[in-house]
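Secondary and tertiary structure notes
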Amino acid sequence: MYNEVEALPALVSRLRPVLDGLGEPYELVAVDDGSTDGTAELLGAFRLGWPELRVIRLRRNSGHQAALTAGLDRAVGAYVVSLDADLQDPPEKIPEMLALARAGELDIVYGVRADRASDSGFKRWTAGLYYKVVRRLAGHTVPDQAGDFRLLSRGAVDALKALPEQQRVYRLLVPWLGFPSGQVGYERAPRTAGRSKYPLGRMIRLAVDSVTGFSAAPLRLATWLGGFAFLVCLGLMAYVLGAQFFDHTVPGWTSLFTGVLFIGAVQLICVGLLGEYVARIYTAIQNRPTYFVGDDTALGGHDKAFGGQDTAQLSEEPARRP
């Protein structure tokens, strides 16, 4: 959650009855992704009357996927469900997910948005385009219209934690694991309160991370563009030679100028695609933690700073508590 102080009361009023109604021990790990609007304080107030609530506060806003990583690193349950705080994904589906996973011995249950009528037309169109692209690049194992509302078994969570990726996109990583999976459909609801934390810029960043982090196809696209540009150059060369032969050099200026602009544009696209991959290599070499935790109520509220792969050892500490 990030700056969700307005949505928190509604979230608690719907989520707690669902979890209490399971009739099983559970832990709710609330990851505060560096909120600045009082979300952390309100979570502390709710925790006074909800002992199963565990609050993890990140030092700064690290992003949606990094916050998911923080929660998965520290969750110790046999099953883990990830859920955003805006209630667009219904927590009432959690018992159905758990029942399906146990009945079918599944490691993954995806929440699939069967109805997105609450989203704007532009949002539905861009989401549909995104899933078409990633399914073509990463394979049809990626469920259509499945976001980050999903159930994972302990085995699936441990497999994700073992992966070396720093810029993670779980919508692609989870299906890539190849664990037995199922789906639960639901109607996507409007945001309960507050503003969307996924503006157009972040949506584009997610799409770029999805494509460049999971496929080398853009590099092959750059090669094909280069080959196409070469053929265009051959055609322009033939045209220029013909114009020179018939002494029509001045009329050829337009086509030559267009050809130069086209080749320059192709080169810039290819350099940009190459730069995206080089940037990912640079980030991997830096090996900086994906996030830093300010405090964790499961550790007595002490101020801790850790993140990335270093959290693997620390995440085992709560498991040893009675």
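Structure report, in brief. (Residues numbered from 1 in each chain as written. Predicted model: local features only at pLDDT ≥ 70, side-chain atom pairs only at ≥ 80, totals over all residues. Heavy atoms only, no water.)

Details of the side chain of aspartate 107
Applied cut-off: Only runs of H or I of at least four residues qualify as helices and only runs of E of at least two qualify as strands under DSSP, and these elements are numbered from the N terminus. The buried label goes to any residue with under 20% of its type's maximum accessible area, the exposed label to any with over 50%, and the partly exposed label to all in between, with areas taken from a 1.4 Å probe on protein chains only. Counted charges follow a simple rule, with Lys and Arg positive, Asp and Glu negative, and His plus the chain ends left uncounted. Basic side-chain nitrogens of Lys or Arg form a salt bridge, by our definition, when they fall within 4 Å of a carboxyl oxygen of Asp or Glu. Any pair of N or O atoms that falls within 3.5 Å is considered a polar contact. Within protein, one atom must be able to donate a hydrogen and the other to accept it, and sequence-neighbouring residues count only if both atoms are side-chain atoms.
On the secondary structure map, aspartate 107 appears in the loop between helix H4 (94-104) and strand E4 (108-115). Buried charge aspartate 107 goes without a salt bridge, the closest partner of opposite sign being arginine 154 at 9.9 Å. Separated by 2.5 Å, the side chains of aspartate 107 and serine 153 make a polar contact.

A short note on the pattern of salt bridges
Overall, the coordinates contain 11 salt bridges when judged by the stated rule. When the shortest N-O distance is used, the salt bridge between arginine 150 and aspartate 148 registers 3.0 Å. The class for arginine 150 is buried, based on a relative accessible area of 3%. The residue aspartate 148 makes a salt bridge to arginine 171 at a minimum N-O spacing of 3.5 Å. Remark: arginine 171 occurs in helix H7 (residues 170-176) and aspartate 148 occurs in strand E5 (residues 146-153); sequence separation between them is 23 residues. The pair aspartate 148 / arginine 171 is uniform in exposure class, with both members buried.

A closer look at the pairing of strand E1 (residues 28-32)
What counts, and what does not: Seen with its strands pointing away from the viewer, a crossover is right-handed when the path leading from the first strand over the helix to the second is clockwise.
Among the five residues that make up E1, four are buried, leaving the element largely enclosed by the rest of the structure. Crossover handedness for the path E1 to helix H2 (residues 39-48) to strand E2 (residues 53-58): right-handed.

Points about the nonpolar core
To keep it simple, the criterion reads: Residues grouped as a nonpolar core are buried Ala, Val, Leu, Ile, Met, Phe, Trp, Tyr and Cys residues, joined through side-chain atoms within 4.5 Å. Only heavy atoms enter the contact rule, under which two residues are in contact if any of them lie within 4.5 Å.
In terms of nonpolar packing, the biggest core is built from 25 residues, with Leu19, Trp50 and Val109 touching the most fellow members. Mapped onto this core, the elements with two or more residues apiece are helix H1 (8-20), E1, E2, H4, E5 and strand E6 (181-187). For this core, the leading source of residues is H1, giving six residues. Ignoring any residue separated from it by four or fewer positions in sequence, one finds valine 109 in contact with Met97, Leu100, Ala101, Arg150, Leu151, Gly182, Gln183 and Val184. Ala146, Leu152, Leu173 and Val174 belong to the second largest nonpolar core, which has 17 residues in total.

Quick word on the sheet that holds E1
We apply this condition: Strand pairing is defined by DSSP finding a minimum of two bridges between the two strands. For every element, the axis is a line fit to its C-alpha atoms; helices are fit only across the contacting stretch, and the angle between N-to-C directions ranges from 0 to 180 degrees.
Reading across from one edge, E1-E2-E7 is the order of the three strands in this open sheet, with mixed pairing throughout. Lying at the two open borders of the sheet, with one neighbouring strand each, are E1 and strand E7 (293-296). Pairwise comparison of adjacent strand axes, ignoring direction, gives a mean angle of 20° for this sheet. Bridging between E2 and E7 involves three bridges; their strand directions are antiparallel. Across the sheet, arginine 57 pairs through a bridge with aspartate 295, a residue of E7.

Concerning the packing of H1 against H2
In plain terms, the rule: The handedness criterion is simple: a crossing whose near helix is rotated anticlockwise from the far helix by less than a right angle is left-handed, and one whose near helix is rotated clockwise is right-handed. Only Asp, Glu, Lys and Arg are considered charged, only Ala, Val, Leu, Ile, Met, Phe, Trp, Tyr, Cys and Pro nonpolar, and every remaining residue, Gly among them, polar.
Relative orientation of the contacting elements H1 and H2 amounts to 30°, with a least axis distance of 11 Å. Along this stretch, H1 crosses H2, giving a crossing that reads as right-handed. Listed contacts from H2 to Leu8, Pro9 and Val12 of H1 are Thr39, Leu42, Leu43 and Phe46. Tallied by class, the residues present in the contact of H1 with H2 amount to six nonpolar, one polar and no charged.

Details of H1
Our working rule: Given a helix with a known number of residues, its expected span is that number minus one, times 1.5 Å. Taken from the helix axis, the directions to the C-beta atoms give the arc we talk about.
Between its first and last C-alpha, H1 extends 17 Å over 13 residues, near the 18 Å set by a 1.5 Å rise per residue. Within the span of H1, buried status applies to Leu8, Leu11, Val12, Leu15, Val18 and Leu19. Axial view of H1: buried residues confined to an arc of 150°, hence all on one face. On its buried face, H1 sits against E1, H2 and H4.

A look at the environment of lysine 93
Relative to the elements of secondary structure, lysine 93 occurs in the loop between strand E3 (79-82) and H4. The exposure class of lysine 93 is partly exposed, given its relative accessible area of 21%. The spatial distance from the C-alpha of lysine 93 to the C-alpha of valine 184 is 7.8 Å, given a sequence separation of 91 residues. Those residues within four positions of lysine 93 in sequence are excluded, and the remaining contacts are Phe149, Val184, Gly185 and Tyr186.

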